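Structural characterization, general
Each chain, letter by letter, is given below.
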Amino acid sequence: MKILKLLSFMLITLLVLNCSNDDDNFQPQIQPEPTTQDLLISGKWYWVSSSESTLDDCQKQSYLEFIDLDTLLIEDFRINSSDVCESNGINSVSYQLIDDSIIQATIGTSTSNLNIEFISDTRLIITQEISSGTMTTTLEK
């Protein structure tokens, strides 16, 4: 009986000594919020709606794809004269992100500013000044 008590005492002592107080200081790893740039380059952004016109299912295949920190691919889909949805090709455009709120896109010698009104993991809302006012475009992944 004395041996059993002694073994129990030793086992409890070992368990207590081997327990770490690190558990008391456990702090979960907090992931930093993704930056606007991270969100932009996280996938293809497909057209959902435009304040200037109603988009048909063909046009909703059009997308923006931010490849890296300065290259943007744009593929535009339209219904052709034979009533078939087709791509007008993929255009590579240079862009700069200014103050996390403006996408400055350059096509040849022409520059356009797209204002980021909202961005999340799945939704991007941009506005652009055009001759008739402000055009708002919603895109989603």
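A brief structural summary.

Each value, and the rule that gives it
Sequence order sets the numbering: in each chain, residues are counted from 1 along the sequence as written. Only residues with pLDDT of at least 70 are given local features in this predicted model, and only at 80 or more are side-chain atom pairs given and counted; all residues enter the totals for whole chains, interfaces and linings. Side-chain figures throughout are based on the complete set of non-hydrogen atoms in the structure, without hydrogens or water. At least two DSSP bridges between two strands are needed for those strands to be called paired. Runs of H or I in DSSP of at least four residues are treated as helices and runs of E of at least two as strands, each being numbered from the N terminus. Fitted lines through C-alpha atoms give the axes, limited to the stretch in contact for helices. The angle between two N-to-C directions lies from 0 to 180 degrees. Put simply, buried Ala, Val, Leu, Ile, Met, Phe, Trp, Tyr and Cys residues joined by side-chain atoms within 4.5 Å make one nonpolar core. Only protein chains enter the area calculation, which uses a 1.4 Å probe; residues under 20% of their type maximum are buried, those over 50% are exposed, and those in between are partly exposed. Residues count as neighbours in contact if any of their non-hydrogen atoms are within 4.5 Å of one another. Centre distance within 6.5 Å is the pairing criterion for rings of Phe, Tyr and Trp, where only the six-membered ring of Trp is used; planes under 30 degrees apart are then read as stacked, over 60 as edge-to-face, and the remainder as tilted. Consider the ring centre and the ring normal. A charge sits over the ring if Lys NZ or Arg CZ is within 6 Å of that centre and within 35 degrees of that normal.

This brings us to the sheet that holds strand β3 (residues 71–79). Ordered by their spatial adjacency, eight strands build a closed barrel running β1-β2-β3-β4-β5-β6-β7-β8, and the pairing between neighbours is antiparallel. Ignoring strand direction, the axes of neighbouring strands in this sheet form an average angle of 35 degrees.

Let's shift gears to the nonpolar core. Counting 16 residues, the largest nonpolar core has L40, W45, F66, I103, I116, I119 and L124 as its most contacted members. Mapped by element, the contributors of at least two residues to this core are α2 (36–40), β2 (63–66), β4 (85–98), β5 (102–107), β6 (110–119) and β7 (123–130). For this core, the leading source of residues is β6, giving three residues. Beyond its immediate stretch of four places on either side in the chain, I103 contacts L40, F66, Y95, Q96, L97, S112, N113, L114 and I116.

A few words on the packing of aromatic side chains. Applying the stated criterion across every chain, the model contains two aromatic pairs. For the ring pair F66 and Y95, a centre distance of 5.0 Å and an interplane angle of 80 degrees mean the geometry is edge-to-face. Taken together, the residues F66 in strand β2 and Y95 in strand β4 connect sequence positions 29 residues apart. Just as F66 is buried, Y95 falls in that class too. A cation sits over an aromatic face here: K44 above Y63, 4.4 Å from the ring centre.

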